[in-house]
Amino acid sequence: MIVLLCGLALAMTPDEAVRAATLHDPTLAGADAERMTAQGARRSATWLRSNPEIELGADAGGQRFEASVTQDVSLSGAGFADARSGRYGVDAAEAGLVRARLVTAAEARRAWARLAAADGGLRAAEREKASAKTVRGATEARRGAGEASDLELDLSRLEEARGVAAWLHAMDERADAQASLAALTGDPTATAEGDPLEAVPPAGAGSVRSDVVAAEAKVDAARAALARERAEVVPSVGLGAFIEREGDRTLAGPAIRLALPIWQQNAAGRGAAKGELVVAEAQANATRARAEAEQASAARRLAELGEAGSSLAPGVDASAESAARAIEAGVASGQIDPVEAALLRARVFEGQRGWYAARLAEAEGRIDAALAVEDTGLLPR
C-alpha cells in the first residue's frame, strides 16, 4: 500500500505531461529550429544580399597605388521579391510551430491516457494471475480430499498458465506505453495513474487550422521565390568608386560592373522555383482537404461517442476484486467448480480491462477531435 501511494504521488498529471513534452519533444524542437532558420533567412534578405568588395593594389617600390570598392545592387526587383519570400517563410514556420505545439500536446495527452489504461490492464492481469493461483491451490486441496476430479485439477493448472501469460503480455504493453510517454516528456521515470478520461482537454476555443495557414504561406513564399528567380535574369549591378595614384598623379571616380545575360539567364533557378511552387500548391490543397475531412470526422465521432465510456460505473477495480474473491471462496467451498470459475473469472477480468479500453477509446476520440479544430484546451492551463 505504501509503494502504491508513493507511485500515485509521483505520477504525472496530463497537464504535467504536456508541459514536459513541449520542452522535450524532438518533433517540436525541429519545428522551432525551422522557425529560427526562416527568421535568419528573412534577415539575410531584408537588406543588401551581398557584402561590398574592396580591392587594393600597390607596386613594390611604392610608386603606384590603387583601390576600389564595389557593392552589388539588384535593379530588377529580385531583392524585394527575396524579402517577400523570407517574410512568408517566417509566417509559414511560425504557423507550423503553432501546429507542432498542439500536436505535441495531443500526443502527450494520448500517451498519458494509454499508459493509464495499460497500468489498469496490468492491475487486472496481476489480479487474474493471483486469482488463478488461488483457485488452483484450492482445487489441489479438494482433489487431495477426493472432492474434485483430475479434469478439474488439470483445468485449474492450465488456467493459471494462461493467467501468467496474460500478465506477461500486460507487462510488455505497459512498458511500451511508458516508453512512449518517456520519449515525449524526456523523463525516463514518467508514469500515469488514474482514469484515461482525465487526459481529455477541457473545452477551449477553436481556431483556424495552423497547418493550413502554414501551407498557404509556403505557397506565397514559393511565388515570391519564383518572382525573385525571374528577376535574377537581369544580373545585379556592381556600383562603387575607385582611386589610383601613380607618382604625383591621382585619379578617382565612380565605377560600375555589369554582367551581360547572354549565355546564362538563370534557367536552373527559374525551373527549380517553378517546381517548388507546384509542390507547395499541391501540398496546400492536400492540407486543406485533410483538415476539412478531419474536422468533419471529429464532429461525427463526438456525436457517435456520446458518453459511451464516461457513462460506465466507476470503481471497476473494486468490483473486480470483490467478484474475484467471491469466485475464489466459491471454489474453496465447493459451490463453484473450476470450469465454471474459469468462465466467471474470464468475464470479471475481461470486463475490468474492457472498462479501461472503453475509457481510453473515448479519451482518444475526444483528443483527436480537439486537435482537429485546434482547441486551445489541449495546452496546459
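Calculation notes
Residues numbered from 1 in each chain as written. Predicted model: local features only at pLDDT ≥ 70, side-chain atom pairs only at ≥ 80, totals over all residues. Heavy atoms only, no water. Salt bridge = Lys/Arg side-chain N within 4 Å of Asp/Glu carboxyl O. Helix = DSSP H or I, 4+ residues; strand = E, 2+ residues; numbered from the N terminus. Buried < 20%, exposed > 50% of the residue type's maximum accessible area, 1.4 Å probe, protein only. Pairing = 2+ DSSP bridges. Axes fitted to C-alpha atoms, helices over the stretch in contact; angles between N-to-C directions. Parallel < 35°, antiparallel > 145°, perpendicular 65-115°, else oblique. Left-handed = near helix turned anticlockwise from the far one by under 90°. Nonpolar A, V, L, I, M, F, W, Y, C, P; charged D, E, K, R; others polar. 1 Å grid on protein atoms, 1.4 Å probe; cavity = no way out; pocket = protein on both sides within 12 Å on 5 of 7 lines; lining within 4 Å. Points joined across faces, edges and corners; volume = space filled by probe spheres on them. Patch = residues over 30% accessible without salt bridge, like charges linked within 9 Å, V, L, I, M, F, W, Y side chains within 5 Å. Areas by Shrake-Rupley, 256 points an atom, 1.4 Å probe, with all protein chains shown as cover. Lys, Arg positive; Asp, Glu negative; His and termini not counted. Charge placed at Lys NZ, Arg CZ, Asp CG, Glu CD. pLDDT = per-residue confidence, 0-100. Contact = heavy atoms within 4.5 Å.

How would you explain the pattern of salt bridges if you had to name every residue and give the values?
If the charged atoms of two oppositely charged side chains come close together, the side chains can form a pair. In the structure shown here, the tally under the stated rule is 37 salt bridges. For Arg353, the salt bridge goes to Glu128, with nearest N and O atoms at 3.1 Å. Placement of the pair is Arg353 in helix H9 (residues 338-372) and Glu128 in helix H4 (residues 78-144), with a sequence separation of 225 residues. Here Arg325 ties to Glu321 by a salt bridge, and the two come within 2.8 Å at their closest N and O atoms. With Arg325 and Glu321 both in helix H8 (residues 316-333) and four residues apart, this pair spans about one turn of that helix. You can call Glu321 partly exposed: its relative accessible area is 23%. One network of salt bridges, with partners in common, ties together Arg99, Arg209, Asp211, Glu294 and Glu374.

Break down the pairing of strand E4 (residues 249-258) for me, with residues and values.
As paired strands, strand E3 (residues 237-246) and E4 are joined by ten bridges and run antiparallel to one another. Bridging across to E4, Glu246 finds its partner in Arg249. Joining the antiparallel neighbours E3 and E4 is a turn of two residues, in which Gly247 adopts a positive phi near 65°.

Tell me about the packing of H4 against helix H5 (residues 150-185), and name the residues and values.
Between H4 and H5, whose axes approach to 7 Å, the crossing angle comes to 160°. As summarised for this structure, H4 and H5 are arranged roughly antiparallel, according to the angle between their axes. The handedness of the crossing between H4 and H5 comes out as left-handed. Here the contact of H4 with H5 is composed, by residue class, of 17 nonpolar, five polar and 19 charged.

So what's going on with the layout of surface pockets? Which residues, and what values?
As a volume, the largest pocket reaches approximately 700 Å³. In terms of lining residues, the largest pocket is bounded by 28 residues, among which Glu34, Ala92, Gly96, Ala214 and Lys218 are the most central. Listed by contribution, the elements that provide at least two residues to the lining of the largest pocket are helix H3 (26-46), H4, helix H6 (210-231) and helix H7 (267-305). The element contributing the most residues to the lining of the largest pocket is H4, with eleven residues. Considering only residue class, the lining of the largest pocket consists of 15 nonpolar, eight polar and five charged.

Now, about a positive patch on the surface: what can you tell me, with residues and values included?
Side chains of Arg42, Arg43, Arg84 and Arg87 sit close together on the surface and give a patch of like positive charge. Mapped onto the elements of the fold, Arg87 is located in helix H4.

Kindly report on unusual backbone geometry, identifying the contributing residues and their values.
A positive phi angle, near 55°, is found at Asn266, a position not held by glycine. Structurally, Asn266 can be placed in the loop between E4 and H7. With phi around 55°, Glu374 is a residue other than glycine that occupies positive phi space. Look at Glu374 and you get buried, because its relative accessible area is 1%.

Give a description of the confidence of the model for the chain that names residues and reports values.
For the chain, the average pLDDT comes to 88, and 97% of its residues sit at 70 or higher. Across the chain, the secondary-structure element scoring lowest on mean pLDDT is helix H1 (residues 2-10), at 44, and the one scoring highest is helix H2 (residues 14-24), at 94. Within the model, the stretch residues 1-9 combines pLDDT values under 50 with three contacts to residues more than four positions away or in other chains.

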